[in-house]
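An overview of the molecular structure
Spelled out, the chains give:
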Amino acid sequence: MTSVFWSYEDCFFQFHLGMLDPKSWASDGARLEALARQPAYRAVWRFARGGIGDEYRSFLDGLAAESRHNPSRPICLNTLRQYIAEEREALQRSQDVRP
C-alpha cells in the first residue's frame, strides 16, 4: 500500500514543474484525498512518511489532517467481497449459457 504514495509523488512534482496537465493532477489529487479519508491509508501514510521529501510530505500531511474531519464512506471489505461474489456469479452464469 505504501507504493501508492511514491507513485503520486512523481505526479506531484511533475505538476509543480509545469510538466503535468492541471486536469490530470486534479484527478490524482482527488484520488489522494479519497485515499486519505480511509483510516487504513492514513495508517500506512504514518508508516511511509519518513521516506518522502519535505514538500510532498507536507502536502500529504495536510490531506491526512483534513480527512480526519471529513471522512468518506469507508471501503468495506464486506462490500468488496460482495462485488467479487457478484462478478463470479455473472461469470458462472455466462459459462452456463454457452453450448
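Reference entry: report on the structure contained in this document. (Residues numbered from 1 in each chain as written. Predicted model: local features only at pLDDT ≥ 70, side-chain atom pairs only at ≥ 80, totals over all residues. Heavy atoms only, no water.)

**Brief notes about the packing of helix H1 (residues 3-16) against helix H4 (residues 54-68)**
- At a minimum axis distance of 10 Å, the contact between H1 and H4 shows a crossing angle of 110 degrees. Judged by the angle between their axes, H1 and H4 are roughly perpendicular. Facing Phe 5, Tyr 8, Glu 9, Phe 12, Phe 13 and His 16 of H1, the residues of H4 in contact are Glu 55, Tyr 56, Phe 59 and Leu 60.
- Partitioned by chemical class, the residues of the contact of H1 with H4 number 7 nonpolar, 1 polar and 2 charged. (Axes fitted to C-alpha atoms, helices over the stretch in contact; angles between N-to-C directions. Helix = DSSP H or I, 4+ residues; strand = E, 2+ residues; numbered from the N terminus. Parallel < 35°, antiparallel > 145°, perpendicular 65-115°, else oblique. Contact = heavy atoms within 4.5 Å. Nonpolar A, V, L, I, M, F, W, Y, C, P; charged D, E, K, R; others polar.)

**Side note on the pattern of salt bridges**
- All chains considered together, the criterion is met by 3 salt bridges.
- A salt bridge links Arg 37 to Glu 33, with the nearest nitrogen and oxygen atoms 3.9 Å apart.
- For Glu 33, a relative accessible area of 37% puts it in the partly exposed group.
- The salt bridge partner of Asp 54 is Arg 57, with a shortest N-O separation of 2.2 Å. Highlighted residues: Asp 54 and Arg 57, both in helix H4, separated by 3 residues, approximately one helical turn.
- Exposure remark for Asp 54: the relative accessible area of 56% places this residue in the exposed category. (Salt bridge = Lys/Arg side-chain N within 4 Å of Asp/Glu carboxyl O. Buried < 20%, exposed > 50% of the residue type's maximum accessible area, 1.4 Å probe, protein only.)

**What about the packing of H1 against helix H2 (residues 22-36)?**
- Packing of H1 against H2 brings their axes to within 10 Å, and their N-to-C directions diverge by 145 degrees. In this structure, H1 meets H2 at a crossing whose hand is left-handed. Residues Val 4, Tyr 8, Cys 11, Phe 12 and Phe 15 of H1 form the contact with H2, whose own contacting residues are Pro 22, Trp 25, Asp 28, Arg 31, Leu 32 and Leu 35.
- Broken down by class, the residue content of the contact of H1 with H2 amounts to 9 nonpolar, no polar and 2 charged. (Left-handed = near helix turned anticlockwise from the far one by under 90°.)

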